[in-house]
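# Observations on the model geometry
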Amino acid sequence: PFAALRVTTCTTGVVMDTVGYVVGEVRTDEFTFVTNREIAPPRLEYIVVQVQEPTRKIDVLAQVTALSVSSRLLDTSLSYTEVESILNRLKSSPPIVVGTAQVLGYLDEGAVRFPRHAATPGTSVSPAPDDLLRKFFSTNITSGIEIGTLINRSSVPVLLNPNGLRRHLAVIAQTGAGKSYTVGVILEKL
């Protein structure tokens, strides 16, 4: 689903396609990246950026939280007639596609950790490999209960650790979100 701009290799040795580049101010918990319509990862998709720690590079997992499209030529201060005139002369206005991503963390010896450093502007952004997502969301679960798959990745199961259900459990969501169905699946699998 993603057309490649260039190919990069992450620290796990997996070859990934570049779908954007980190731009602007970068924080340890969130970053912005520029992409284009043909390769933009959809909202809620998982992506990876490399972050330079003092002694090593780490692959940090993030999730796309928003995408926006803008134009330098077609500004909101222009009238309908002005926009029509510009489009008639140029035939198009190349859009600028910008994404925002929430940092989820990185894997460190089987544990999920949060990075202490931010990515550098210009760092390439790649789709997260399914194998990384399986490890990230099922870390330290040896015999989990499969309760579904990731919304954008049907090949990545979501596992629930039954050992975490020893004492108290609450399933909270808005009406119609699937609480009863989820509890039914958990009980059936147990």
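Refer to the preceding data block for the structure.
Report on the accompanying structure. (Residues numbered from 1 in each chain as written. Predicted model: local features only at pLDDT ≥ 70, side-chain atom pairs only at ≥ 80, totals over all residues. Heavy atoms only, no water.)

### Let's talk about the nonpolar core
F31, F33, I47, V49, V60 and V125 are the most contacted members of the largest nonpolar core, which has 17 residues in total. Of all elements in the fold, only β4 (30-35), β5 (46-52), β6 (57-70) and β7 (96-108) reach the threshold of two or more residues within this core. When residues of this core are assigned to their parent elements, the largest contribution, four residues, is made by β6. Those residues in contact with V125 that sit more than four places away from it in its chain are D17, T18, V19, G20, Y21, V22, F31, F33, I47, V48 and V49. Y46, V48, L133 and F136 belong to the second largest nonpolar core, which has nine residues in total. (Core = buried A, V, L, I, M, F, W, Y, C linked by side-chain atoms within 4.5 Å. Buried < 20%, exposed > 50% of the residue type's maximum accessible area, 1.4 Å probe, protein only. Helix = DSSP H or I, 4+ residues; strand = E, 2+ residues; numbered from the N terminus. Contact = heavy atoms within 4.5 Å.)

### Examining unusual backbone geometry
One non-glycine residue, L44, lies in the positive phi region at around 80 degrees. For L44, the location among the structural elements is in the loop between β4 and β5. Given the relative accessible area of 26%, L44 is considered partly exposed.

### Topic: the pattern of salt bridges
This structure, assessed with the given rule, holds seven salt bridges. Residue E45 is joined to R153 by a salt bridge in which the shortest nitrogen-to-oxygen separation is 2.9 Å. Highlighted residues: E45 in the loop between β4 and β5 and R153 in strand β11 (residues 153-160), separated in sequence by 108 residues. Residue classification places E45 among the buried residues on the basis of a relative accessible area of 5%. Note on R153: relative accessible area 10%, which makes it buried. Residue D130 pairs with R153 through a salt bridge whose shortest N-O separation is 2.5 Å. You can see D130 sitting in helix α2 (residues 130-137) and its partner R153 sitting in strand β11, a full 23 residues away along the chain. Connected via shared salt-bridge partners are R27, D29 and E30. (Salt bridge = Lys/Arg side-chain N within 4 Å of Asp/Glu carboxyl O.)

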